[in-house]
Structure formats: structure tokens, C-alpha cells
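Below, each chain spelled out in residue letters.
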Amino acid sequence: MHEELFAPLTKGPDLNEEEIQPSVSYWQESLRRLRANKPAMIGLWILVFLCSMAILGPFFSPYAYYEIHLPQINMPPGQNYIFGTDELGRDVFTRICWGARISLFIGIMAALLDLIVGVTIGSLAGSIGGKIDEIIMRIADSMHSIPYLLIVIMLMVIMGTGIATILVALTITGWIGMARIVRGQIMQLKELDFVKAAQALGASKRRILFRHLIPNAMGPIIATMTLTIPSAIFTEAFLSFLGLGVQAPIASWGTMANDGLPAMRYFPWRLFFPAGFISITMLCFNLLGDGMRDAFDPRLRS
Amino acid sequence: MILKVADLNVTFSTWKQPVYALRGVHFQINEGEILAIVGESGCGKSVTAKAIMRLLPKHSCLINHGQVLYQDRDLLTLSERAMRSIRGKEIAMIFQDPMTSLNPIKKIGLQIIEGLLLHHPEMKKSDAKNKVIDLLRSVGIAQPEERFSAYPHTLSGGMRQRAMIALAMACEPKILIADEPTTALDVTVQAQILELLKEIAHIRKTSILLITHDLSVVAGLCDRVLVMYAGQIIEEASVNELFNNPRHPYTKRLLHSIPRIDMPHGARLHPIRGRPPTLHCKSNSCAFSPRCDEAMNICCMQEPDKISLSDSHHAACWQLCRPSPSFAHSDAPLIFPDLPGKEDELPKEKMHV
Amino acid sequence: MLILQESLSALNTFYYLLRKAGILLLSLFGVVTLTFVLMHSIPGDPFLQEQAIPEEILRSLYHYYGLDQPWHVQYLRYLKGIITWDLGPSFKYEGRTVNQIISSGFPVSFYLGMMALFIAVTLGTVLGMISAWHRNKWQDHLAAIFSVLGISVPSFLIATLLQYIFCIKLQLLPVARWGTFLHTILPALSMAALPMAFIARLTRTSMVEVLQQDYILTARSKGLSSVRLLMKHVMRNSILPVVTYIGPLTASILTGSFVVEKIFAIPGLGYWFVMSVSNRDYTVILGVTVFYSCLLMCCIFFVDIVYTLIDPRIRTALRR
């Protein structure tokens, strides 16, 4: 018996050589981390609900957003009007749904424009470097120190009100942040060995940029985009609050809040519904954006 | 004997599963000796040091068993306040990277004075300053009066580590724990720091617990060595015994894997194949057995006991028990008074299968 | 020898500051020019919005405002005006100059802004420190909720909510206008909400990073207690990133003032600015924009200097 115990071991597969973890791609790992982030997921689902409200809401409502019912002005939320009516008897719920369309549209468009302009400029600066990079960064730095809201206000005063001008103003002031992040990412990635490997295989600069650098920088780019949206929505609401937003009868949440402000004492729902929706939307985008930023951060990989 | 560690068990709780970092560590430190703990990264050397000082992060780390006896007191049962009076004053520690271990926005002299005045509040500021300047001089920093007001980033790596040593020695502790003090330094500077440590041990009679993964450092400096693997001490010996007569297969492979300058050109190196275990589960088999060439059936069934080969040399390996086949062919000296008795008795007693 | 070294480093620092001041002046010049260009590219006639004005009056109005001169002359007049601090008369408010409007409104806004800044910085850092110290426990989660709310809920909603709860429902504080200390509480809180949330987050992140540094371990190994550790080592290292935020912080308080002053009917500069935007009072818009931009840039410059002085690593880099 002792001899058996002390007999040499017949070896099976060496367990220590096995992979400790299955290898997962960067995207899968990041998505998994995002899904595990409860606040971010809650934010995502609420946003999905809001989008469906924006798209489908007006179809289910018996009223149009500009429909005036003078006998029923300033009615509190009740049977016929889920969210009540405003000072012209328009159904607040339908207007909120339309406002959702406008705010979400502005937010997403601003983020997309931000993406296009910011990524273009940022990747140019980051990949070419040298003089062009310096010039671009100087411009960005000097524009950065000017309070952007002041510039937006001035642009609105000049160009007149309307969704298109809001978007232009937001893009002119907003590209700086995205460009900086993209530039930083590209400069970091440029030094990594896989770029040198691609160069050694004969890839052109353009190919490297589009097929290697930008896709690898997508993580922080998407996170930044998601955080741009609430900022755009806030700016639109802010501008409307100052009287520079979209004009009547189009309803954006900002104009609705602005109109509801003087009536707050007696008809509070006219202010709180639009303001509440602005807050919830911004909150959800912030939670989602934060979650994305954490999920795509390569330093936090387990 | 000045410090004794008995059956120390430390578990880390991660969000996946617990990690059993230390699984029954026993050793002791004697007065004025330099004791080394060697092992690969992740074997638990730093955890042992921090456990003695109770510097492990409280929210993720649990010392679930064991004793650390210092001057007849178990450090693990002391209150935080009592422990604070021991840290720095009786037991001090220096760390691996002196650049990040010193506060970058505070002057060096002030950082050292802080520790001094903490344990000797009755000391006058001017006396303290003079003492610190003397301390800086004694660790080999030139122009100590000027360096007193220097910031860490203005000093070279070697000088920073000397400053760290001065900081640790300020209150003249009985034990100095050095966690990889030379890993981040150039080889020439390494030698100087090691000389300094030797001086501290021999002249001031401070015991030094040196943690390192570099066997060459051990050979030049230490009196005794502990070899650690997967959270346990698998061999314990004096320096001569370890380098001339390693008994545990891991130690043997470790020494064998060191490249030598007198190797023939083109000779192969001999790494230890495989990887250390991930410490996620408590197993009752020898932790090294998957990587061991001399493994036997019993190695996978039960953890080996510590076998004494001499007064100072102990190893935990089933190979050292009498009935094992390679024992008869080994080069070990034949007289082992502590070896367990007759062949029949040994397996029956120890088996808990 | 040491004296020479010291004076050389002082000189270096001086040149560094001088260079920075030069860049500041350049940026100011850029902003001024930019605003001028923007304002004068507004299409149409500033006076044509009103009812039809007779020709001679129109011509004399043009002459009064200098609009009949070629644009480069207008530009030079404008620059001269800025340097001599004469920003011209208001378009819409008869008899009032832009200077008067600024000097009546700014002190009010300044007072409110300082209060909001104080609240934001003190409460924000305290909140952030509590969060970092009790990382991942209930204090942290609670503070995180407040932070996210502060960042997401727009200042005008916070202002109106506070007004609704405390003034209308509970009748504790005055609804609007300016006068006593009580009038300042709600506006200051509304303006402080967003910056406070940001500062809390920033402080938390910074302190968590500091707490993981090796030198904290060294300090603990010397036997320092938690309180001493916090005071002597953690705090000063943690606030450095917060100092860099003070620039954008001032900007956000400034823009917050537009909304809050409108809601609480406080006669500050933000209020006048908002009015002038609604009225298309161009000289006021121009003047206030320039004023605000210069103020902001000077704040950022000032913060830059303070940051340089606090961090000894940068000071040493300057010596080379």
C-alpha cells in the first residue's frame, strides 16, 4: 500500500497550463460590463420607453399638438387630458410627445454632428501631428476659454431661431471636446505595436487610420457622444427659456417650461411635466453615458 | 526569537470568488538576523509582510486564522490604537518603489520628522530636526542639511530609497520589513542599498525581514531563507544549506533556472514549466504537484507535512519521507534525528483520505 | 550660490507668468474681435423692427450710434471704447449706458455668485470626501444619487422646485426680488447645485486615487492615525484636480445666473443680459458678452497661477 502511495504519479493534462479565462473580445467584455451596470440599464430602458412615447404617442392621442380648445384652457390632469391643458387649451400630453421628438432629435443630431466634425478634426490632428496639430489645438484652446453659452446665444441672436440654427450653434461650440478626446486616443494608439505591425505589412496611412485607429478609439467616442446628448437637450431648454428656442406652435420641452413658468403658482402641471421630462431624459442619458464610459475604459478590465 | 508567525491564514474576497492568499504560514525571526522570503510573484510574500503590520485593506481582506507573536503579544488581536504604537516604533517597513512611496508634495525631512514626533511627542522640534539630519547622514545621503528640505522628485532612485530607510529607522525599530527594496533600482545602486541594510542589521542589531524574488540578493545578504509557494512556506533553511543542498523540488528547479555566466554558449535555459496555481480553492494536495517532475500519487491526495532535515533546515515534501523511492538515491546526509519512525507507522498515521 | 539659484528660479517663474499673461491678452483680443464681427454680421437693420421712423431721425440715430461709419472705423472706435471702459449707450433703454447697466447689475450677481461658489466648493468637497472614505457603502451610494441628480436636473427646474416648495407651499422664504439675506438663499442654492455635484464627483475620484497611492501605505506604516492621515497627506493631494475645475465652475455659475435671476427676478447682470437678448439690445449684448468673457478668462488665468504655486513638481519644472 505504501509503495502504491509513493509510486510516481501518472500525469493527466497539466491543469496549470489551461487558460485561466476564456478569451473575450474587447466589445463583448465592455458590453458585458455595461449590462452589469444596473443604473445604466435602467436609464437605457427608460429611454427606450421615452423614444416609443415620442414616436407612437401622437398616434394614440385624439388631439393634435396645435389643436386649440378654448373652453378647456388650463385644465388639470384628468380624464380627457392625461397631462392637462395649457393656456390655449392644447393637450399637454400630445405636446410632451412632440416635445420628446424635438428634444431627442436635437440631442441625437447634435451628437451625430459632434461625432462627424469632432472625429474628423481630432483624427486629423492626432494622426498627422506636427504643425497642423498645433494649429488646431491652438484654435481649440482659445475657443475653449470663451464661455460657450455666450457664443451660442450670440449665434442664435444673429442667425435667428429654429432647430437648424440651434444645431449649427451647438456644433460650432461643441466639436472641441470630442476632437480633444479623439486626438488623445489616436495619439495614444499610434504608439502601440499593432500600428507598427500594420505599417510593416505595408498598410497606407489612411487605411491604418480608418481600419485600425478609429475603430479602437470607438469606445470613448461613443461614451462621449452619449454624454453630449443631455448637454444638447439642456442647451436647447436653456435657450428656449431665454426666448431663443423654437417658436410657437411647435412644442419643445424648453418652450413649454418657459410658458409654464409664470403660471406655476396656479397651474403647476404646465411647468412640471415638461421640466420633469427634461430632467428624466437628461438623468437617463447621464447614467447611460457614465456606464458606457466605465464599461469602455480599458484600464478597468478584470 | 523576536517575532513568531503561527499558522497564518489570509483570504481575499474578490467579486468572483475568494482567494486564499496565505494558507498556514509558520516562521520566526531572531534578533539581529536577516531573514529572506523568496518566491514568485503572487506567492504571498508581500501579503505576509502586510499581515504582520496589519496594513492589509480591511474591506477586502480577512485574516481568518493565526497568530503573530511579538514580545508575548499577539499583534492580530491588538486594537488599532495599540497597533499604531507598534508601527514605525517597533516594526517598520520599507517598500518597493521609493518614487511612489514618498509623498511627492512634502519635503523629505518633514516626512521623516512626522514619524519621529508621532512616537516621541516630547521631543523638541530642533532636536528632532538634528536627529533627522544625522539619520540622513548615516544612511549615506550627502549634504543632509540641504537634502532635508528637498522634495522626493529631486533625488535619484538610490537616494530616495535611502531616505525611505532613514524614515523607517527613525524610531529605531527592532524589526525592519523590506518589501523588495532593490527591485526598482539599478544593479550598482542595489549593491549600495544592500550594504546599508547589512550595516543596519549588524551594527544596530535590527532584525530584517527581506522580501524578494531575486535569489542573488539573498545569497549576498541573508542569514536564513524561507521559500514560499502558493501561500505556504515550502522550505526553510540557512543560506548555505539552501544553496548547497536544496531539498524541495521547487527550490531545486528555482536554483536550476538561474542563468549562469559559466554556461556553455548556446546552452538552454531551464524554466519551470506551467504556472503557479490561482489560489481560488483550498485543496488538500501539494500545491506544486502539477508542475513537479518527482510527483507521486500521495502528492495529489494530501498536503505534505514539514519534515526537519536539520535544526535549521525544513522542507514540506513527501519525497523526504522514508518510503519514497528517490530517497534512497538522494545525496542527503544520512543522519536525520527528526525523521518519523518506522515505515509502517508513517502512512497509517498521516493519512486522512 | 544658493541665492543665485533662488533668484534665477524666481526670474524663470516671472517669465512663465509673463508668457501666460501675454497669451491671456491675445485671447482677450480675439474674443473682443470675434464678438464685434458676430454682432456686425447681423442681417438687417437694428431699427427696422420698430414702426417706421422718419428719415432724418434714422440718420441721426445712425450717426449717434456711429453706424454710418465704415466698419474698420467702427472697430477702432469699439476697441478704444473697451480700453477706456466706455461701452456705448444702450439701444433700447433711453439714457442708460452699457456701463451703467453693468455697474448696477454686476455687484448683485457677484455677491450671489460668490455665495454659490462658496456653497458649491465647501459642500461639494465634503460630500466627495465622505463618498471616497466610505467607498461603496451606503454613504457613497447616497452621495452618488445626489450627484447624478445635481448634474441632470437643470438649474431652472431646481430653482422653480425650490421656489414652489419653500415660497409658495411652505411660505418660508420670499418668492422673488432682492433685499435681505433670506432673498439670497434659494437663488444661491439653485446656482450651486450643478457645480456642487461636479465637485463632489471630482473630489471623490481624486481622493480614491490618492488613497490607493503607495505613500499612503508608507504613512500608515509609520503609525499615523486615520484622521492625521487625512489632514496631512490626503487632502492636499486630492484637491489639486478640483482647483483646475474652478475655471469651468465660474463659467457655469455665470450661465446659471441667467436662469436663476430671471426666475427669482433678481436685478443682477444676468437678468439684464437676458432682457437685452429678448429685446435685441445689441450694444448691451455686445458689452456684457465682452465683459463676461474677459472676467472668465482672467479667472482661468488666476487659477492657473494658483495651481502652479501649489504643486511643487511644476515649480521645479520651471527651474530648469
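What you see is a predicted model; the values in this text were computed from it and never measured.

With respect to the overall build of chain B
Step number 1: Counting its secondary structure elements, chain B contains 12 helices and 12 strands.
Step number 2: Computed over its C-alpha atoms, the radius of gyration of chain B comes to 22 Å, within 12% of the 20 Å expected for a compact globule of 353 residues.
Step number 3: Each principal axis of the C-alpha atoms in chain B carries an extent, and together these give about 70 × 55 × 40 Å.
Step number 4: In chain B, buried positions account for 43% of the 353 residues.
Step number 5: Considering only contacts in chain B between residues 6 or more positions apart, those separated by 24 or more positions represent 62%.

As for the overall build of chain A
Step number 1: Within chain A, the secondary structure is distributed over 11 helices and zero strands.
Step number 2: In chain A, the succession of helices and strands from N to C terminus is α-α-α-α-α-α-α-α-α-α-α.
Step number 3: Taken along the three principal axes of its C-alpha coordinates, chain A extends 100 × 65 × 30 Å.
Step number 4: Partitioning the contacts of chain A with sequence separation of at least 6, the portion at a separation of at least 24 is 69%.

Describing the sheet that holds strand S1 (residues 3–13) of chain B
All names here are of chain B.
Step number 1: A sheet is described by the order of its strands in space; here four strands give the open sequence S2-S1-S4-S5, paired in antiparallel fashion. Each edge of the open sheet carries a strand with a single partner, namely strand S2 (18–29) and strand S5 (73–74).
Step number 2: By the bridge criterion, eight bridges tie S1 to strand S4 (residues 61–70) in an arrangement that is antiparallel. Within the sheet, the bridge partner assigned to valine 5 lies in S4 and is valine 68.

Quick look at the sheet that holds strand S6 (residues 91–94) of chain B
Residue and element names in this part refer to chain B.
Step number 1: Across the sheet, eight strands lie side by side as S6-S7-S8-S3-S9-S10-S12-S11; this open sheet has mixed pairing. Looking at the sheet topology across the chains shown, the edges are occupied by S6 and strand S11 (306–308). Mean inter-strand twist for the sheet, computed between neighbouring axes without regard to direction, equals 20°.
Step number 2: In the sheet, strand S10 (residues 232–238) pairs with strand S12 (residues 314–316) via two bridges, with the strands oriented antiparallel. Across the sheet, residue glutamate 236 finds its bridge partner in S12, namely histidine 314.

So, the interface of chain C and chain A
Size of an interface: often given as the accessible area lost when the parts come together.
Step number 1: Contact with chain C, which involves 33 residues of that partner, is made by 31 residues of chain A.
Step number 2: The set of elements that each furnish at least two residues to the side of chain C that touches chain A consists of helix H1 (2–40), helix H5 (138–152), helix H6 (155–169), helix H10 (240–263), helix H11 (269–279) and helix H12 (282–310) of chain C.
Step number 3: Sorting elements by how many residues they give to the side of chain C that touches chain A places H12 of chain C first, with seven residues.
Step number 4: By residue class, the composition of the side of chain C that touches chain A is 22 nonpolar, 10 polar and one charged.

Quick notes on the nonpolar core
Step number 1: Ranked by internal contacts, the top residues of the largest apolar core, which has 136 residues, are Ile153, Ala257 and Ile278 of chain A.
Step number 2: When residues no more than four places from it in sequence are discounted, the contact partners of alanine 257 of chain A are Ala237, Phe241, Leu271, Pro274, Ala275 and Ile278 of chain A together with Phe156 of chain C.
Step number 3: One finds Cys43, Val47, Ala92 and Met164 of chain B within the second-largest nonpolar core, a separate group that totals 101 residues.

Quick look at the interface of chain B and chain C
Step number 1: On the chain C side, the residues contacting the 24 residues of chain B number 18 residues.
Step number 2: Elements represented by at least two residues in the side of chain B that touches chain C include exactly helix H2 (80–86), S6, helix H3 (98–101) and helix H4 (108–119) of chain B.
Step number 3: Among the elements that line the side of chain B that touches chain C, the one with the most residues is H4 of chain B, at four residues.

Thoughts on helix H4 (residues 92–128) of chain A
Step number 1: For H4 of chain A, spanning 37 residues, the distance from its first C-alpha to its last is 52 Å, which sits close to the expected 54 Å at 1.5 Å a residue.
Step number 2: Where burial is concerned, most of H4 of chain A is hidden: 27 out of the 37 residues are buried.

Comments concerning the pairing of strand S3 (residues 34–38) of chain B
Residue and element names in this part refer to chain B.
Step number 1: Within S3, five of the five residues are buried, which leaves the element mostly enclosed by the surrounding structure.
Step number 2: Two elements, S3 and strand S8 (residues 207–212), share five bridges in a ladder whose sense is parallel. Residue pairing for S8: isoleucine 34 is matched across the bridge by isoleucine 208.
Step number 3: Pairing of S3 with strand S9 (residues 224–229), which is carried by four bridges, proceeds in the parallel orientation. Residue pairing in the sheet places valine 38 in a bridge with valine 227 of S9.

Some points on the environment of leucine 22 of chain B
All names here are of chain B.
Step number 1: Here leucine 22 is to be found in strand S2.
Step number 2: In the structure, leucine 22 is positioned 273 residues away from alanine 295 in sequence and 23 Å away in space, judged by C-alpha atoms.
Step number 3: Setting aside residues up to four positions removed in sequence, leucine 22 forms contacts with Leu8, Asn9, Val10, Gly44, Val47, Thr48, Ala51 and Gly231.

Side note on the environment of serine 289 of chain B
All names here are of chain B.
Step number 1: Within the secondary structure layout, serine 289 lies in the loop between helix H11 (249–256) and S11.
Step number 2: Its 24 C-beta neighbours within 10 Å are what place serine 289 among the buried residues.
Step number 3: Separated by 39 residues in sequence, serine 289 and tyrosine 250 have C-alpha atoms that sit 9.6 Å apart.
Step number 4: When neighbours within four sequence positions are excluded, serine 289 is seen to be in contact with Ala295, Cys299 and Cys300.

Looking at the packing of helix H9 (residues 205–241) of chain A against helix H10 (residues 253–260) of chain A
Residues and elements named next belong to chain A.
Step number 1: For the pair H9 and H10, interaxial distance at closest approach is 7 Å and the crossing angle is 40°. For H9 against H10, the interelement crossing comes out right-handed. Residues Glu236, Ala237, Leu239, Ser240 and Phe241 of H9 pack against Trp253, Gly254, Thr255, Ala257 and Asn258 of H10.
Step number 2: By residue class, the composition of the contact of H9 with H10 is five nonpolar, four polar and one charged.

Observations concerning unusual backbone geometry
All names here are of chain B.
Step number 1: Phi is positive for arginine 54, close to 55°, though the residue is something other than glycine.
Step number 2: One can find arginine 54 in the loop between helix H1 (45–53) and S4.
Step number 3: With 20 C-beta atoms packed within 10 Å, arginine 54 lands in the buried category.

Let's talk about the pairing of strand S7 (residues 175–179) of chain B
Residue and element names in this part refer to chain B.
Step number 1: Counting buried residues in S7 gives five out of five residues, a clear majority hidden from the surface.
Step number 2: With burial as the criterion, each face of S7 is covered, one bearing Ile175, Ile177 and Asp179 and the other bearing Leu176 and Ala178.
Step number 3: When S6 meets S7, the two strands line up parallel, connected through four bridges. Pairing of isoleucine 91 across the sheet is with isoleucine 175, part of S7.
Step number 4: When S7 meets S8, the two strands line up parallel, connected through five bridges. Residue pairing across strands places alanine 178 opposite leucine 210, the latter belonging to S8.

Notes on the confidence of the model for chain B
Step number 1: Model confidence for chain B is summarised by a mean pLDDT of 83, while 91% of its residues fall at 70 or above.
Step number 2: As a predicted assembly, this complex carries a pTM of 0.74 together with an ipTM value of 0.74.

Considering helix H7 (residues 163–190) of chain A
Step number 1: Look at H7 of chain A: 38 Å from first C-alpha to last across 28 residues, which is about the 40 Å you get at 1.5 Å a residue.
Step number 2: At glycine 174 of chain A, H7 of chain A is deflected by roughly 40°, the largest bend along its length.

Analysis parameters
Residues numbered from 1 in each chain as written. Chains lettered and ligands numbered in written order. Predicted model: local features only at pLDDT ≥ 70, side-chain atom pairs only at ≥ 80, totals over all residues. Helix = DSSP H or I, 4+ residues; strand = E, 2+ residues; numbered from the N terminus. Rg over C-alpha atoms; globule rule 2.2 N^0.38 Å. Buried ≥ 20, exposed ≤ 12 C-beta atoms within 10 Å, placed from the backbone. Contact = placed C-beta atoms within 7 Å. Pairing = 2+ DSSP bridges. Axes fitted to C-alpha atoms, helices over the stretch in contact; angles between N-to-C directions. Nonpolar A, V, L, I, M, F, W, Y, C, P; charged D, E, K, R; others polar. Core = buried A, V, L, I, M, F, W, Y, C linked by C-beta atoms within 7 Å. Expected span 1.5 Å × (residues − 1). Left-handed = near helix turned anticlockwise from the far one by under 90°. pLDDT = per-residue confidence, 0-100. Bend = angle between axes of the 7 residues up to and from the residue.

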